[in-house]
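Geometric and topological summary
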Amino acid sequence: KHVIPYMKKNKYGKIINLSGGGATKPLPFISAYAASKCAIVRLTETIAQEVKEFNIDVNSIAPGALDTRMRNQVVEAGPEVVGKEFYERITEKETSPLSFGANLCYYLSSKESDGITGRLISAVWDEYKDEDFKKHVLEDDSMFTLRRIV
């Protein structure tokens, strides 16, 4: 809200929102969390279209499972509360190093990513360092977005 007018004036900017894997599939028993992550992605996509003409790129990242207080609370709550599938997924996987998300943010804030906008990119699963990544993202408007495939 406050920084976009300055970015518009400069005809350039980068906005990076933190979403997560909860945006990409249902998470039974933690629906509020999943819905909030999905809302961040849709907000990102919408703002990206609103400011695209000003060369402002707006993206969301999924940093991977991080060793946070929330993750610890989920583990402590147990499978009876958060569901067996999610509990197993979050306890059997290693957590992602904070550097994964930080490196993706660095890429998305650089000139190298100019033009990539309105996307949800995973720090763990997406090959954003690959030289063809940007081309692939820009060619297919439905990739790395929330869409119903018809």
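Located above this text is the structure these notes cover.
To keep things clear, this report deals only with the structure shown in the data block. (Residues numbered from 1 in each chain as written. Predicted model: local features only at pLDDT ≥ 70, side-chain atom pairs only at ≥ 80, totals over all residues. Heavy atoms only, no water.)

**A look at helix α2 (residues 31–51)**
- Here α2 contains 21 residues, and its C-alpha end-to-end distance of 30 Å stays within 8% of the 30 Å for a straight helix at 1.5 Å per residue.
- Among the residues of α2, those classed as buried are A34, K37, V41, T44, E45, I47, A48 and V51.
- Where the residues of α2 are buried, they touch α1 (4–10), β1 (13–18), β2 (56–62) and β3 (120–122). (Helix = DSSP H or I, 4+ residues; strand = E, 2+ residues; numbered from the N terminus. Expected span 1.5 Å × (residues − 1). Buried < 20%, exposed > 50% of the residue type's maximum accessible area, 1.4 Å probe, protein only. Contact = heavy atoms within 4.5 Å.)

**So, the pairing of β2**
- Summarising burial for β2: seven of the seven residues are buried, a large majority.
- Residues I56, V58, S60 and A62 of β2 are buried on one face, and the alternating residues D57, N59 and I61, pointing to the opposite face, are buried as well.
- Inspection of the sheet shows β1 paired to β2 by six bridges, in the parallel sense. Residue pairing in the sheet places N17 in a bridge with S60 of β2.
- Handedness of the crossover joining β1 and β2 through α2: right-handed.
- Taken together, the three bridges between β2 and β3 define a ladder with parallel strand orientation. Residue pairing for β3: A62 is matched across the bridge by S122. (Pairing = 2+ DSSP bridges. Right-handed = clockwise from strand over helix to strand, strands pointing away.)

**With respect to the pattern of salt bridges**
- Applying the stated criterion across every chain yields a total of six salt bridges.
- The closest approach of N and O atoms between D57 and K14, which form a salt bridge, is 3.1 Å. Here K14 lies in strand β1 and D57 lies in strand β2, a separation of 43 residues in the sequence.
- Since its relative accessible area comes to 7%, D57 is described here as buried.
- Across the pair K135 and E139 runs a salt bridge, and its minimum N-O distance is 3.9 Å. Here K135 and its partner E139 are both found in helix α7 (residues 133–139), four residues apart, which amounts to about one turn of the helix.
- When its relative accessible area of 58% is taken as the criterion, E139 is described as exposed.
- Shared partners join several salt bridges into a network, and the residues in it are K14, D57 and D114. (Salt bridge = Lys/Arg side-chain N within 4 Å of Asp/Glu carboxyl O.)

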